[in-house]
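Residues per chain are reported as follows:
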Amino acid sequence: MGILEVKGVNKRFGGLQALSNVNLSVQENTVHAIIGPNGAGKSTLLNCLVGKLIPDTGSVMFDGQSVLGRKPHEINQMGISRVFQTPEIFGDLTVLENVLIPCFARRDGAFRLHAFETVSAEKEMMDKAMQMLEDVNMVSKRHMHSASMSRGDKRRLEMAMCLVQEPRLLLLDEPTAGMARADTNNTIDLLKEIKEKRDITMAIIEHDMHVVFSLADRITVLAQGTPLVEDTPENIKGHPKVREAYLGEAA
Ligand SMILES: Nc1ncnc2c1ncn2[C@@H]1O[C@H](COP(=O)(O)OP(=O)(O)OP(=O)(O)O)[C@@H](O)[C@H]1O
Ligand SMILES: [Mg+2]
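Residues numbered from 1 in each chain as written. Chains lettered and ligands numbered in written order. Predicted model: local features only at pLDDT ≥ 70, side-chain atom pairs only at ≥ 80, totals over all residues. Heavy atoms only, no water.

Chemist: Explain the sheet that holds strand β5 (residues 65-66) residue by residue, including any values.
Modeler: The four strands lie next to each other as β2-β1-β4-β5, forming an open sheet whose pairing is antiparallel. The open sheet has two edge strands, β2 (16-26) and β5, and neither has a second partner. With five bridges joining them, strand β1 (residues 4-13) and strand β4 (residues 57-62) adopt antiparallel strand pairing. Among the inter-strand pairings, E5 is bridged to a residue of β4, identified as M61. Its contacts with the sheet put helix α1 (residues 42-49) on β1, β2 and β4, and the angle it makes with β2 is roughly 60 degrees. (Pairing = 2+ DSSP bridges. Helix = DSSP H or I, 4+ residues; strand = E, 2+ residues; numbered from the N terminus. Contact = heavy atoms within 4.5 Å. Axes fitted to C-alpha atoms, helices over the stretch in contact; angles between N-to-C directions.)

Chemist: Let's hear about the packing of aromatic side chains: which residues, and what values?
Modeler: Tallied over the entire structure, the rule returns zero aromatic pairs. Here the guanidinium or amino end of K237 rests over the ring plane of F213, the centre of that ring lying 4.9 Å away. (Phe/Tyr/Trp six-rings, centres within 6.5 Å; stacked < 30°, edge-to-face > 60°. Lys NZ or Arg CZ within 6 Å of the ring centre and 35° of its normal.)

Chemist: Break down the site of ligand 1 for me, with residues and values.
Modeler: The immediate surroundings of ligand 1 are formed by 13 residues, with N38, G39, K42, T44 and H207 found nearest. Interatomic distance of 2.8 Å between a backbone N/O atom of G39 and an oxygen atom of ligand 1. Here A40 contributes a backbone N or O atom positioned 3.1 Å from an oxygen atom of ligand 1. Surface burial for ligand 1 is 59%, taken as the share of its 640 Å² of free accessible area covered by protein chains. For the shell around ligand 1, the secondary structure elements donating two or more residues are β2 and α1. With three residues, the top contributor of residues to the shell around ligand 1 is α1. Residue classes in the shell around ligand 1 are distributed as five nonpolar, six polar and two charged. (Near = heavy atom within 4 Å. Polar contact = N/O pair within 3.5 Å; in protein donor to acceptor, adjacent residues only side chain to side chain. Areas by Shrake-Rupley, 256 points an atom, 1.4 Å probe, with all protein chains shown as cover. Nonpolar A, V, L, I, M, F, W, Y, C, P; charged D, E, K, R; others polar.)

Chemist: Provide a residue-level description of the domain arrangement of the protein, including the pertinent values.
Modeler: Under the domain assignment used here, the protein contains domain 1 (1-79 + 168-251) and domain 2 (89-166). Look at where the C-alpha atoms of domain 1 and domain 2 centre, and you get two points 26 Å apart. Of the residues lining the interface, 21 residues belong to domain 1; the matching set on domain 2 comes to 16 residues. Looking only at domain 1, the three residues that lose the most surface to domain 2 are H73, L190 and R198, adding up to 34% of its buried area. Scanning the region where domain 1 abuts domain 2 turns up one salt bridge. (Domains from an automatic or database assignment. Buried area = accessible area lost by both parts, 1.4 Å probe. Salt bridge = Lys/Arg side-chain N within 4 Å of Asp/Glu carboxyl O.)

Chemist: Account for the nonpolar core, with residues named and values stated.
Modeler: The biggest cluster of nonpolar side chains holds 45 residues, and the ones touching the most others in it are V99, L157, L170, L172, M202, I219 and V221. There are two domains that each give this core at least three residues, and those are domain 1 (1-79 + 168-251) and domain 2 (89-166). Beyond its immediate sequence surroundings of up to four residues, L157 is in contact with I89, V95, N98, V99, M138, S146 and M149. If you look at the next biggest cluster of nonpolar residues, it comprises 26 residues, including V26, V50, V60 and L222. (Core = buried A, V, L, I, M, F, W, Y, C linked by side-chain atoms within 4.5 Å. Buried < 20%, exposed > 50% of the residue type's maximum accessible area, 1.4 Å probe, protein only.)

Chemist: Summarise the side chain of D153; cite the residues concerned and give the values.
Modeler: By the element assignment, D153 lies in helix α5 (residues 151-163). Taking relative accessible area as the criterion, D153 reaches 7% and is therefore assigned buried. In contact with D153, not counting residues within four places along its chain, are M138 and K141.

Next comes the structure, spelled out in structure tokens:
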């Protein structure tokens, strides 16, 4: 039994069957990659995992609880955080302020910021935010306005904003899309370090196979809304189903 269990998920958009009987089991403390060509249904699947989309049929369970129909803050409270394909950061705020927001934002229905309640709580949150910035190697940039940063830095900041919530499951939607090779390699190292430091499960959607093979313990290949194969990176390399997925024909 995995920490994340997807069973019999179907999702239709009008005449298009975007997901077709998807089953997926992600084991605790592993990195599970979902790969497949454009339009395979990867982002649709991720949206079903965070309650953003409700499947027509099927179930999505995280640690024994259904995620379906839950609001974003409830998903966060369950221990799931998501790094979006386009970084969702507050451009007008500094790097440190961005990381502090999830530290002291308590979301109960409406988004609302609570003032620091005590001096010790304030110090604790500041320490946590600074530690997080250290982990993503951004302490020296803490006073920079985030809008002016490179794409790679924005992505690292977004990861810090997710990780500071200490998620048990981190979902990453193409975390290195559009990055230069050096930034991509930094991101791989960062994710490896995070994995070593804490108990965390990751599900990653990625087109860059260098990233996938550097990080993944298991890989699911999705094509036309259907999982074709799930296996280890070693077995996926050169697998005929991968060619089939990308070339649209049996190899
Ligand atoms: N809200 C929507 N309404 C209608 N069709 C949609 C919607 N969202 C996705 N689709 C369609 O569903 C299919 C799967 O889309 P999805 O975005 O999940 O693919 P993907 O695997 O993430 O592709 P990419 O690698 O390009 O990001 C595509 O044909 C897409 O056009
Ligand atoms: Mg996508």
